[in-house]
Amino acid sequence: MDQKEKRASKAAGGWPALIASGRSLLSSGAPLSGVRALSKANQPDGFDCPGCAWGDPEHGSSFEFCENGVKAVSWEATERRADPELFRKMSVRELRKLDDYTLENHGRLVHPMRYNRATDHYEPVSWDVAFAEIGAHLKALSSPDEAQFYTSGRASNEAAYLYQLFVRIFGTNNMPDCSNMCHEASGVALGQAIGVGKGTVRLEDFEEADAIFVVGQNPGTNHPRMLGDLRRAAERGARIVVFNTLKERGLERFADPQRKREMIVNGSAAIASDYFQPRLGGDMAVFRGMAKAVLAADRKARAEGSKPLINDAFIADHTEGFDAYVAAVDATTWEAIEDQSGLSRAEIEKAAAIYLSADKVICTWAMGITQHRHSVITIREIASFMMLRGHIGRKGAGLCPVRGHSNVQGDRTMGINEKPPATFLDSLQREFGFNPPRKHGNSTIEAIGAMISGRSKAFIGLGGNFARAVPDSGLIEEALDGQTLTVQIATKLNASHTMPGKNAYLLPCLGRTEIDLNGKKEPQLVTVEDSMSMVHGSAGINPPAGEQLRSEIAIIAGIANATVGSAIVDWLALAEDYDRIRDLIERTIPGFHDFNNRVRKPRGFDLGNAAARREWNTQNGRANFFTGALPEKTEYQARADAPDRFVLQTMRSHDQYNTTVYGMDDRYRGVYGERRVVFVHPDDIRGLGAAAHQRVDIAGPDTGGVTRVAKGFKLIPYDIPRGCVAGYFPELNVLVPLSSYGDESGTPTSKSIPVRLSLSRPGEIA
Ligand SMILES: Nc1nc2c(c(=O)[nH]1)N[C@H]1C(S)=C(S)[C@@H](COP(=O)(O)OP(=O)(O)OC[C@H]3O[C@@H](n4cnc5c(=O)[nH]c(N)nc54)[C@H](O)[C@@H]3O)O[C@H]1N2
Ligand SMILES: Nc1nc2c(c(=O)[nH]1)N[C@H]1C(S)=C(S)[C@@H](COP(=O)(O)OP(=O)(O)OC[C@H]3O[C@@H](n4cnc5c(=O)[nH]c(N)nc54)[C@H](O)[C@@H]3O)O[C@H]1N2
Ligand SMILES: [Mo]
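The shown structure was predicted, so the numbers you read here are calculated from the model rather than taken from an experiment.

Rules behind the numbers
- Residues numbered from 1 in each chain as written.
- Chains lettered and ligands numbered in written order.
- Predicted model: local features only at pLDDT ≥ 70, side-chain atom pairs only at ≥ 80, totals over all residues.
- Heavy atoms only, no water.
- Near = heavy atom within 4 Å.
- Polar contact = N/O pair within 3.5 Å; in protein donor to acceptor, adjacent residues only side chain to side chain.
- Areas by Shrake-Rupley, 256 points an atom, 1.4 Å probe, with all protein chains shown as cover.
- Nonpolar A, V, L, I, M, F, W, Y, C, P; charged D, E, K, R; others polar.
- Domains from an automatic or database assignment.
- Axes fitted to C-alpha atoms, helices over the stretch in contact; angles between N-to-C directions.
- Helix = DSSP H or I, 4+ residues; strand = E, 2+ residues; numbered from the N terminus.
- Parallel < 35°, antiparallel > 145°, perpendicular 65-115°, else oblique.
- Left-handed = near helix turned anticlockwise from the far one by under 90°.
- Contact = heavy atoms within 4.5 Å.
- Core = buried A, V, L, I, M, F, W, Y, C linked by side-chain atoms within 4.5 Å.
- Buried < 20%, exposed > 50% of the residue type's maximum accessible area, 1.4 Å probe, protein only.
- Buried area = accessible area lost by both parts, 1.4 Å probe.
- Salt bridge = Lys/Arg side-chain N within 4 Å of Asp/Glu carboxyl O.
- Pairing = 2+ DSSP bridges.

As a further point, take the site of ligand 2. Inspection of the region around ligand 2 gives 31 residues, with Tyr150, Ser152, Ala469, Glu552 and Thr659 positioned closest. Contacts to ligand 2 include Arg154, whose side-chain N or O atom sits 2.9 Å from a nitrogen atom. Interatomic distance of 2.6 Å between a side-chain N/O atom of Glu552 and a nitrogen atom of ligand 2. Within the complex, the protein chains bury 97% of what would otherwise be the 930 Å² of accessible surface of ligand 2. Residues of the shell around ligand 2, tallied by class, amount to 12 nonpolar, 13 polar and 6 charged. When we break the shell around ligand 2 down by domain, the ones giving at least three residues each are domain 1 (81–182 + 407–515 + 549–605) and domain 3 (635–759).

A separate point is the packing of helix H15 (residues 283–303) against helix H19 (residues 345–357). Close contact between H15 and H19 brings their axes to 8 Å; oriented N to C, the two are set at 60°. Classed by the angle they form, the pair H15 and H19 counts as oblique. Considering only the axes of H15 and H19, their crossing is right-handed. Here H15 contributes Val286, Gly289, Met290, Ala293, Val294 and Ala297 to the contact with H19, which in turn contributes Ile348, Glu349, Ala351, Ala352, Tyr355 and Leu356. By residue class, the composition of the contact of H15 with H19 is 10 nonpolar, 1 polar and 1 charged.

The next point concerns the nonpolar core. Counting 61 residues, the largest nonpolar core has Leu138, Phe149, Tyr161, Leu507 and Ile559 as the members making the most contacts within it. Here this core gets 10 residues from one element, more than from any other, and that element is helix H9 (residues 157–170). Ile559 has contacts with Phe131, Ile134, Leu138, Phe166, Val487, Ile489 and Leu507, leaving out every residue within four places of it along the chain.

Below, the discussion takes up the domain arrangement of the protein. By the assigned domains, the protein splits into domain 1 (81–182 + 407–515 + 549–605), domain 2 (184–401) and domain 3 (635–759). Placing the centre of domain 1 and that of domain 2 at their C-alpha centroids yields a distance of 37 Å. Surface buried jointly by domain 1 and domain 2 totals about 650 Å² across both partners, of which 29% is contributed by carbon and sulfur atoms. Across the contact surface, domain 1 and domain 2 share 1 salt bridge. A salt bridge links Arg412 to Glu184, with the shortest nitrogen-to-oxygen separation between them at 2.9 Å. There are 6 residue pairs in polar contact (both at pLDDT 80 or more) connecting domain 1 and domain 2.

On to the packing of helix H10 (residues 184–194) against helix H21 (residues 375–387), then. The contact between H10 and H21 brings their axes to 8 Å, and the two run at 45°. The angle between the axes of H10 and H21 places the two elements in the oblique class. Judged by the twist between their axes, the crossing of H10 over H21 is right-handed. Between H10, through Ala185, Ser186, Val188, Ala189, Leu190, Gln192 and Ala193, and H21, the contact on the second element is made entirely by Ser375, Val376, Ile379, Arg380 and Ala383. Here the residues of the contact of H10 with H21 sort into 8 nonpolar, 3 polar and 1 charged.

Here we have 5 strands laid out as an open sheet, ordered E11-E8-E7-E13-E14, and parallel in their pairing. Single-partner strands in this sheet number two, and they are strand E11 (274–276) and strand E14 (398–401). Across the sheet, the axes of successive neighbouring strands diverge by a mean angle of 15°, strand direction being ignored. Of the strand pairs in this sheet, strand E13 (residues 361–365) and E14 are connected by 4 bridges, and their pairing is parallel.

As a structural note, the neighbourhood of ligand 1 is formed by 32 residues, with Asn244, Glu248, Asp283, Gln656 and Asn658 the closest of them. Residue Gly368 places a main-chain N or O atom 3.3 Å away from an oxygen atom belonging to ligand 1. The backbone of Gln656 places a nitrogen or oxygen atom 2.8 Å from a nitrogen atom of ligand 1. Broken down by secondary-structure element, the contributors of at least two residues to the shell around ligand 1 are helix H11 (219–222), helix H20 (367–370), strand E22 (645–651) and strand E23 (656–657). Taken together, the residues of the shell around ligand 1 break down into 10 nonpolar, 18 polar and 4 charged.

The subject of this paragraph is the environment of Leu732. If you trace the backbone, Leu732 turns up in the loop between strand E28 (724–728) and strand E29 (753–759). For Leu732, a relative accessible area of 0% puts it in the buried group. When the C-alpha atoms of Leu732 and Thr650 are compared, they prove to be 6.8 Å apart, with 82 residues separating the residues in sequence. Beyond its immediate chain neighbours, meaning those up to four positions away, Leu732 contacts Leu648, Thr650, Ile698, Ala710, Phe713 and Gly727.

Turning our eyes to something else, we now look at the pattern of salt bridges. With the rule as written, the count across this model stands at 45 salt bridges. In this structure, Asp100 engages Arg468 in a salt bridge whose closest nitrogen and oxygen atoms are separated by 2.6 Å. One end of the pair, Asp100, is in helix H7 (residues 100–104); the other, Arg468, is in helix H25 (residues 466–469), and 368 residues separate them in sequence. On the accessibility criterion, Asp100 (8% relative accessible area) is buried. Here Arg468 falls in the buried class, since its relative accessible area comes to 17%. The salt bridge involving Asp666 is made with Arg669; its shortest N-O contact spans 2.8 Å. Among the residues examined, Arg669 registers a relative accessible area of 7% and is labelled buried. Taken together, the shared-partner salt bridges connect Asp177, Glu184, Arg412, Glu418 and Lys419 into one network.

Moving on, we get to the environment of Ala185. Looking at the secondary structure, you find Ala185 in helix H10. For the pair formed by Ala185 and Thr370, sequence separation is 185 residues and the distance between their alpha carbons is 5.6 Å. Excluding its chain neighbours within four sequence positions, the residues that come into contact with Ala185 are Thr370, Ser375, Val376, Ile379, Ser745 and Thr747.

A separate point is the environment of Lys360. Take Lys360: it is sitting in the loop between H19 and E13. Here the alpha-carbon distance between Lys360 and Gly742, two residues 382 residues apart in the chain, equals 31 Å. Not counting chain neighbours up to four residues away, the residues in contact with Lys360 comprise Glu208, Ala209, Asp210, Ala211, His391, Arg394, Lys395, Gly396 and Ala397.

Our next topic: the sheet that holds strand E6 (residues 147–151). Taken in spatial order, the 6 strands make up an open sheet running E5-E4-E17-E16-E15-E6, and their pairing is mixed. Because the sheet does not close on itself, it has two edges, and the strands there are strand E5 (121–124) and E6. Neighbour to neighbour, the strand axes of the sheet diverge by 20° on average, direction disregarded. Bridge analysis of strand E4 (residues 113–116) against E5 gives 4 bridges, and the strand direction is antiparallel. For Asn116, the partnering residue across the bridge sits in E5 and is His121. Running at roughly 155° to strand E16 (residues 485–490), helix H27 (residues 552–564) makes contact with strand E15 (458–462), E16 and strand E17 (503–508) of the sheet.

So, on to unusual backbone geometry. Of note, the bond from Phe729 into Pro730 is cis; its omega dihedral lies within 30 degrees of zero at 5°. Structurally, Pro730 can be placed in the loop between E28 and E29.

As structure tokens, then:
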């Protein structure tokens, strides 16, 4: 990196972002189609950007620029191919030795492949043979519950709908998905609190909010387009209040590539007006503390005869549990709050004062909140705090869990859910006349348990990288190896594909950016739903990466047809014309009336959110305050008081998409050419008797007879609370115990793992 670049990288976005994008396009090997593709990202006649689930503006400029969207698009548009020749040259054992970056860098999968155990090679197979054999293996299981049908969050609504319909006709609800590891806690908590497991805001609300609380989220890297909305809000004078354990550059300052002047002077505007750094897992205490301050201010105002500060009318008309909530808040001492959060009373009161000064408040959050043991009650606490002043169901205000994968929210709407609501199953029963299984299926963690214990015999993955994304990733190889059948539907080669079952198939599919002709003249359209419940169309514009590629829909239809036949559903007819699938969605899922017509409108349509209309679909028909206590101890508080004991969070670098590693840099955090790093407070580094950039081994919890250790990670001094450390997923997934997951959510506690650091022995460094 030259000096100019280095200077510029002080602000997120700006020139370095553009330079990185250009580089990323060039190294993808497809500059032209990549550039052409970009001009169509998130446009009415283009495709939905596979980067993230942030909403699209009503009046989009030529295209909304986003560095990481560029990476996601060019990643798919590469000219490299993981073709049959690669599999002929390399055995699966050899492929398994390659790291995530190298595996995916082989490029796009282009031919259906079948694993040959005798030779340990994948060999080409025809689609028809693959479907017939997969169908035969599935039918041979002694129970449909012996199969796990995993979904990652890129599948379109149409693919997801067809997939769940097939799986339920086959006879199981074993539909673990990436959501189980992601925003599950948001769904559970919001369901209890407001009756719908989704956010209540729309993009337009960001134009009106007076204060936006951004909690446990790193939008500069993971939702870059959100930064633009935050920035516009900051410019209007809205307060952007950040709660993040790490000092994230992207949230501090931001230079917008759309604005020439700012780029010329390399300047940048401050985004966050206030930045607070709670300890890992300390956010519930923060929100309780803010509630304490708000209630105190309200009491004072009333005593002085001034206007009350909390919204009595909202609380009376819409909520339940207010008195018990107040009692719980009163019973929580400032001492407990300060100890758990790591913030001082003065800091929390300052944040509460901003909340009180704002007429309209939005609160957003992501994985820093959802991947802890007590995530569900933390989100309940956030909702309760927002209810105090009636910030739900009002313009410019609301709750906004910012989703991860571009269609993870839509997949749930379509029924990818191991615990489907009875009303959803009733609706399938009415339409298709079969008896859907009622017993709840396996979540991701339960599916792994079933695979390890031998209760599971088959694994089907619709996208994703199961083996690397899950906790205790070291144990998964054996679990997959023990399956009679593994099927992976994917765009690129990844570690999960190098862990085949006894019979294994690797099926290549079209990506979002590619034209889906399906043998027809007219390209097919699919649909997705963003974090704001907007449903819109997506049609690829690049030619497919290979002649053999099929759409996810065609692949699911082929497997379904070979497994359950066409007596109930004519799968192949549905795969011929996706409008027919949308007709079925319209007839079985609320909110999709006139689907085929409305989705062809430029911005699609708003699925609506009952809570945003102040209709509470909870059991008691009210919005519910959370009335419980703070967790007795967070992992931070529970750790032994010794200089080598820490709590670790695993997060994303700027150069990755989940398990996909685009490159070795994490520019905003100042890390280059390396991913085996651990971010630690400088005083803690000294406490270890170490110096910056020395290597340490990270030992995780030794539970269940498993020794968990990750060796040779470079110490990076960082602005992070003492006792808390951070490193990258998926390299550190070997440290996350399968047995450690969120209460009520089952989400692995990827953001609070108790660890011990010790200096690496020089000879042992890889
Ligand atoms: N470019 C890119 N975009 C992506 C992804 C990607 O990998 N790359 N992944 C997509 C997916 S699936 C998802 S789910 C989202 C993820 O989006 P994020 O949730 O932003 O992802 P993480 O990198 O896990 O970042 C967690 C953030 O929370 C902070 N944090 C961690 N623990 C705590 C805590 O206890 N309290 C507080 N207050 N803060 C905490 C961390 O410091 C970090 O800034 O992004 C999506 N978009
Ligand atoms: N320790 C730790 N673990 C985590 C997390 C964490 O923060 N820390 N985050 C968790 C979260 S939030 C999530 S969402 C999960 C992610 O878990 P997954 O969704 O399973 O993983 P991804 O890395 O997103 O999947 C990447 C693979 O998807 C395939 N792919 C890409 N595009 C397509 C497509 O269009 N169609 C198909 N069929 N395949 C495609 C490619 O083969 C690629 O290799 O990981 C979770 N695991
Ligand atoms: Mo996610």
